[in-house]
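These are the residues of each chain, in order.
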Amino acid sequence: MEMHFIFSDKVVLLFDFWSVHSPAGMALSVLVVLLLAVLYESIKVGKARLLHQALVSLSIPTSQQLIEETDQDSSGSDSTPVGKTRLRWLLCHFGQSLIHVAQVVIGYFMMLAVMSYNTWIFFGVVLGSAVGYYLAYPLFSMI
């Protein structure tokens, strides 16, 4: 294995079955890695957006809201408004954790692809990150 960047159309990426031996295969592999990088950036923005929405929807209720919810719940429910809020927060946190795991896995896949020391794959990751940032971050500012 080469320990410096090379321009080549022959490389094994991530798994043994992802073996590239032609220029068309390299172009397809670069496209796949580019889309993986775009997905990584999109997940980053989506995770931040979901966190913001969760914080807004699970904001600390005012005393008037607590009184109204307590009056409604006292008629037929045993759970407290604080308990419902805590459960919703735990579910949101669990969802955020799953999204974080997906982001980490994709990030490691991109890192390992770059560690193939193939210059075309490296350019695919860099270009994908740039395109993903360019497309996803305007959505983040619309929060």
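Within an unreviewed UniProt entry, the label attached to the protein chain reads Copper transport protein, and the organism entered is Ceratotherium simum simum.

## Section: the overall build of the protein chain
Summing up its helical and strand segments, the protein chain has four helices and two strands in all. Mapped in sequence order, the helices and strands of the protein chain form the string β-β-α-α-α-α. Each of the 143 residues in the protein chain was classed as buried or not, and the buried ones make up 24%. Long-range contacts, defined here as pairs at least 24 residues apart, represent 74% of the contacts in the protein chain between residues at least 6 apart. Approximately 9,700 Å² of the protein chain is accessible, and the part contributed by carbon and sulfur atoms is 71%.

## Side note on the pattern of salt bridges
Counted under the stated rule, the structure contains two salt bridges. A salt bridge links Lys-44 to Glu-41; its shortest N-O distance comes to 3.4 Å. With a gap of three residues between them, Lys-44 and Glu-41 both fall in helix H1 (residues 23-57), about one helical turn apart. On the basis of relative accessible area, Lys-44 is assigned to the partly exposed category, the value being 29%.

## Description of the environment of Ala-113
Checked against the element boundaries, Ala-113 lands in helix H3 (residues 81-114). For Ala-113, a relative accessible area of 3% corresponds to the buried category. For the pair formed by Ala-113 and Val-33, sequence separation is 80 residues and the distance between their alpha carbons is 7.9 Å. Non-local contacts of Ala-113, meaning those with residues more than four positions away in its chain, are made with Leu-13, Leu-14, Val-33 and Ile-121.

## Overview of the packing of aromatic side chains
A full pass over the atoms with the stated rule returns nine aromatic pairs. Centroid distance Phe-7 to Phe-123: 6.3 Å. Interplanar angle 55 degrees. Geometry classified as tilted. With Phe-7 in the segment before strand S1 (11-12) and Phe-123 in helix H4 (residues 119-141), this residue pair connects regions lying 116 residues apart in the sequence. Given a relative accessible area of 41%, Phe-123 falls into the partly exposed group. One aromatic cluster is present, built from ring pairs that chain together Phe-5, Phe-7, Tyr-117, Trp-120, Phe-122 and Phe-123.

Reading the values: rules and limits
- Residues numbered from 1 in each chain as written.
- Predicted model: local features only at pLDDT ≥ 70, side-chain atom pairs only at ≥ 80, totals over all residues.
- Heavy atoms only, no water.
- Helix = DSSP H or I, 4+ residues; strand = E, 2+ residues; numbered from the N terminus.
- Buried < 20%, exposed > 50% of the residue type's maximum accessible area, 1.4 Å probe, protein only.
- Contact = heavy atoms within 4.5 Å.
- Areas by Shrake-Rupley, 256 points an atom, 1.4 Å probe, with all protein chains shown as cover.
- Salt bridge = Lys/Arg side-chain N within 4 Å of Asp/Glu carboxyl O.
- Phe/Tyr/Trp six-rings, centres within 6.5 Å; stacked < 30°, edge-to-face > 60°.

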